[in-house]
Amino acid sequence: MRRKRKGQRPTRRVVSAGGVVLKGDPPEVLVVSLRGGRVVTLPKGQVEPGERYPETAVREVREETGVEASVLAPLGRVRYYFTVHEPEGPVTVSKEVHYFLMRHLGGTPRPQLTEVEDAFFLPASEALERLSYPNEREMLKRALLRLRARAKKG
């Protein structure tokens, strides 16, 4: 944790990786839900020491959802900020998430209940409406474009 200028709250940097896991044609996307289903998001989690971003994405998808997936291509990264309230006071978290286009290899979604409430596949068109965060909707759009481009190549 580091402090910025005097009078500003402490900040913490967190780096995560996650995946846009697609299966089928028309494609379905793997999502998780939180907060009684009010938040629908892509699976993601913190990078562990010595881990590369693609490895984190594969591990987090498996841990949060029980689904096995492989990385096809990077999609980009997003950064956002939020506040957590700790005993010492509020801390601003700067979170950077690296996303990957991923292919479903197997497994039926089953949520890791200590982290998410549910895990399921949605038709991509429905996921574009239901994902809670604009930056994740953008990652899904990128993934669908990449998938189409890959299909045209081969």
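Here the structure is a predicted model, which is why all the values come from computation and not from measurement.

Caption draft 1: Geometry of the nonpolar core. Residues Val-20, Leu-22, Val-29 and Leu-140 are the most contacted members of the largest nonpolar core, which totals 20 residues. Breaking this core down by element, the ones donating at least two residues are strand 1 (11-23), strand 2 (28-34), strand 5 (68-86), strand 6 (89-106), strand 7 (118-123), helix 2 (124-130) and helix 3 (134-153). When residues in this core are grouped by element, the largest group, four residues, is from helix 3. Excluding its chain neighbours within four sequence positions, the residues that come into contact with Val-20 are Val-29, Leu-42, Leu-75, Phe-100, Leu-101, Met-102, Met-139, Leu-140 and Ala-143. Grouped together as the second largest cluster of nonpolar side chains are 10 residues, Ala-17, Val-21, Met-102 and Phe-121 included.

Caption draft 2: Structural context of the pairing of strand 5. By the bridge criterion, 17 bridges tie strand 5 to strand 6 in an arrangement that is antiparallel. Opposite Arg-77, over in strand 6, you have His-98 as the bridge partner. Adjacent in sequence and paired antiparallel, strand 5 and strand 6 are bridged by two residues.

Caption draft 3: Broad picture of the packing of aromatic side chains. Summed over all chains, the structure comprises one aromatic pair. Consider the rings of Tyr-80 and Phe-82, whose centres lie 6.1 Å apart with planes at 35 degrees: the pair is tilted. When the ring centre of Phe-121 is taken as origin, the NZ or CZ atom of Lys-23, which lies over that ring, is 4.3 Å away.

Caption draft 4: Region of interest: the layout of surface pockets. Counted as a void, the largest pocket has a volume near 490 Å³. In terms of lining, the largest pocket is formed by 23 residues, of which the most central are Leu-34, Lys-44, Tyr-80, Phe-82 and Lys-95. Split by residue class, the lining of the largest pocket holds 10 nonpolar, five polar and eight charged. In this structure, the second largest pocket encloses a volume near 160 Å³. If you go around the second largest pocket, the residues you meet are Gly-24, Asp-25, Pro-27, Leu-144, Leu-147, Arg-148 and Ala-151. In the lining of the second largest pocket, the residues fall into four nonpolar, one polar and two charged.

Reading the values: rules and limits
- Residues numbered from 1 in each chain as written.
- Predicted model: local features only at pLDDT ≥ 70, side-chain atom pairs only at ≥ 80, totals over all residues.
- Heavy atoms only, no water.
- Core = buried A, V, L, I, M, F, W, Y, C linked by side-chain atoms within 4.5 Å.
- Buried < 20%, exposed > 50% of the residue type's maximum accessible area, 1.4 Å probe, protein only.
- Helix = DSSP H or I, 4+ residues; strand = E, 2+ residues; numbered from the N terminus.
- Contact = heavy atoms within 4.5 Å.
- Pairing = 2+ DSSP bridges.
- Phe/Tyr/Trp six-rings, centres within 6.5 Å; stacked < 30°, edge-to-face > 60°.
- Lys NZ or Arg CZ within 6 Å of the ring centre and 35° of its normal.
- 1 Å grid on protein atoms, 1.4 Å probe; cavity = no way out; pocket = protein on both sides within 12 Å on 5 of 7 lines; lining within 4 Å.
- Points joined across faces, edges and corners; volume = space filled by probe spheres on them.
- Nonpolar A, V, L, I, M, F, W, Y, C, P; charged D, E, K, R; others polar.

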